[in-house]
Number of protein chains: 2
Amino acid sequence: MTAEASLPPVIVLVRPQLGENIGKAARAMLNFGLTEMRLVAPRDGWPNPAAGPAASGADVVLADARVFDTVAEAVADCPHVYATTVRKRGVTKPVVTPEQAAGQMRSASGRSAILFGPERSGLETDDVALAREILTVPINPEFGSLNLAQAVILVAYEWSKGEALASPPEVVLDPPAPQEELEGMIAQLDHMLVQANFFFPPDRKPTTQRTLRTLLTKPGWSSQEVRTMRGVLSALAGAKAKRSG
Amino acid sequence: MTAEASLPPVIVLVRPQLGENIGKAARAMLNFGLTEMRLVAPRDGWPNPAAGPAASGADVVLADARVFDTVAEAVADCPHVYATTVRKRGVTKPVVTPEQAAGQMRSASGRSAILFGPERSGLETDDVALAREILTVPINPEFGSLNLAQAVILVAYEWSKGEALASPPEVVLDPPAPQEELEGMIAQLDHMLVQANFFFPPDRKPTTQRTLRTLLTKPGWSSQEVRTMRGVLSALAGAKAKRSG
């Protein structure tokens, strides 16, 4: 049977060191609609006064964060556990990108959890052993230096793509003006260019006119934009008339 | 035949405030293989001693960063300019996600530039007017709080994804003219319109100029087309001069 909509993944910070980084991770999560954070043995205890300011308003994530003693307890209710690491591990497990993991999590039934290791050292082999798959961000092999919040934001961003929030604000562009409006503008310009002796030598006139027509058709200007351009042309023609009059 | 591989995009930080954030942006770039940073009028000058430590080893990006006075100068050699913004703007331009922009940049001929605004305020309307498209990260509508380095890393990450498998564009169109050629044309028209008293009343001048800029940026005219348009303008100006002379 078709599963109900998949639940958003749980972000599990394993032995995080700095409260500031916990706050930044919370902000990164909430930016992309993730709200459930779990902390495994945070080094400086919990709550941590440095976390709030760094969260820049994502306090709801911190307020709801739950603390566990072990990774196993933190993910006890999650059938799908990913271990995030940028380094190769002596563990033989499937390796997926954030994009692939996001796809799996969206189609999975049951909760997914993503483990992130301590800032300095990353996840221990024992933590990784607990996961079903390894999540690796493909990174510049000569400069791999993702911090905790950056790793969290890339994973959250990929997950959000399949969600409702993941659409840019639609800007409805005005449709191109009807052809006759475009023709009016082209005729106006053409008339001015004849006055200005632009078409020289005369036998090149058809080719040059075609070039201009192509060029002025390319933009797909709206009716408003065509009116603006006609205003520009009128101003230029008017200035000319005034000066020569 | 197949086109050469597209060049990596240029990251342009417009009026960045804190050196620390410039350093973090450099780190985010290098994580995903981007190395060319340009700075427009950094608030505290350049170099900035706070940038290095925050770059966590991405010093090569900072060392090669170039500084410009204006956005137009910073993107003068780039035919494809994206303005990054999380807010809706009173500017009617196409809006793309980081993923869509990455696809476009990979298949584009010519250099792409991505503008990022100051930390506090984001890009000004005038900065956005200069871009061909708006790049928006789809974000939690109830909590949109991306910092500079986070915005940079998401864009860099998306670009890095398809790097190995970039495929050439199906139809080879002439690429849009580099920004400086477009600027030259706009300046020429602007000068003519000042002569013609087009900007009236004077307090509407900035708005009208922005409208014209958007209108003339929309077509994506090639270098040849921009030259043709400049010939048209010169002819109209010349006719006027001749008549009034």
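- The name given to chain A in an unreviewed UniProt entry is Putative tRNA/rRNA methyltransferase, with the source organism recorded as Sphingomonas dokdonensis.

### Topic: helix α1 (residues 19–31) of chain B
Spacing of three or four residues puts side chains on the same side of an α-helix, whose turn is 3.6 residues.
Then, number 1: The first and last C-alpha atoms of α1(B) sit 19 Å apart over 13 residues, in line with the 18 Å expected at 1.5 Å per residue.
Then, number 2: Along α1(B), 11 of the 13 residues are buried, which leaves the element largely enclosed by surrounding structure.
Then, number 3: Where α1(B) is buried, its residues contact α7 (148–160) of chain A together with β1 (10–14), β2 (37–40), α2 (51–54), α3 (59–63) and α7 (148–161) of chain B.
Then, number 4: Downstream of α1(B) by a residue or two, Gly33(B) has a phi angle that is positive, lying close to 85 degrees.

### Quick word on the confidence of the model for chain A
Then, number 1: Residues of chain A with pLDDT of at least 70 account for 89%, and the chain-wide mean is 86.
Then, number 2: Across the interface, the model reports ipTM at 0.73; the global pTM reads 0.77.

### A closer look at the side chain of Glu225(A)
Then, number 1: In this structure, Glu225(A) sits in helix α10 (residues 223–244).
Then, number 2: Here the side chain of Glu225(A) touches Ser222(A) through a polar contact of 2.9 Å, landing on its backbone nitrogen.
Then, number 3: Not counting chain neighbours up to four residues away, the residues in contact with Glu225(A) comprise Gly220(A), Leu215(B) and Lys218(B).

### Thoughts on the pairing of strand β1 (residues 10–14) of chain A
Residues and elements named next belong to chain A.
Then, number 1: When you tally the buried positions in β1, you get five out of five residues, the bulk of the element.
Then, number 2: Side-chain alternation along β1 places Val10, Val12 and Val14 on one buried face and Ile11 and Leu13 on a second face that is also buried.
Then, number 3: The sheet contact formed by β1 and strand β6 (residues 112–116) spans four bridges and is parallel. Looking across to β6, one finds that Ile11 is bridged to Ile114.

### Considering the sheet that holds strand β3 (residues 66–68) of chain A
Residues and elements named next belong to chain A.
Then, number 1: The parallel open sheet is built from seven strands, whose spatial order is β3-β2-β1-β6-β4-β7-β5. Two strands in the sheet have a free side with no partner beyond their single neighbour: β3 and β5 (95–96).
Then, number 2: Both strand β2 (residues 37–40) and β3 contribute to a ladder of three bridges, which runs parallel. Following the sheet pairing, Val40 is matched in β3 by Phe68.
Then, number 3: Contacting β1 and β2, helix α1 (residues 19–31) runs over the sheet at an angle of about 155 degrees to β2.
Then, number 4: Lying over the sheet, α7 contacts β1, β6 and β7 (133–135), oriented at roughly 155 degrees with respect to β6.

### Here's the deal with the sheet that holds strand β6 (residues 112–116) of chain B
Strand pairing in a sheet relies on backbone hydrogen bonds. The paired strands run either parallel or antiparallel.
All names here are of chain B.
Then, number 1: Reading across the sheet, the seven strands line up as β3-β2-β1-β6-β4-β7-β5 and stay open at both edges, with parallel pairing between neighbours. Here the strands that pair on one side only, and so sit at the sheet edges, are β3 (66–68) and β5 (95–96).
Then, number 2: Pairing between β1 and β2: four bridges, direction parallel. By the bridge assignment, Ile11 is partnered in β2 with Met37.
Then, number 3: Contacting β1 and β2, α1 crosses the sheet at an angle of about 155 degrees to β2.

Basis of the calculations
Residues numbered from 1 in each chain as written. Chains lettered and ligands numbered in written order. Predicted model: local features only at pLDDT ≥ 70, side-chain atom pairs only at ≥ 80, totals over all residues. Heavy atoms only, no water. Helix = DSSP H or I, 4+ residues; strand = E, 2+ residues; numbered from the N terminus. Expected span 1.5 Å × (residues − 1). Buried < 20%, exposed > 50% of the residue type's maximum accessible area, 1.4 Å probe, protein only. Contact = heavy atoms within 4.5 Å. pLDDT = per-residue confidence, 0-100. Polar contact = N/O pair within 3.5 Å; in protein donor to acceptor, adjacent residues only side chain to side chain. Pairing = 2+ DSSP bridges. Axes fitted to C-alpha atoms, helices over the stretch in contact; angles between N-to-C directions.

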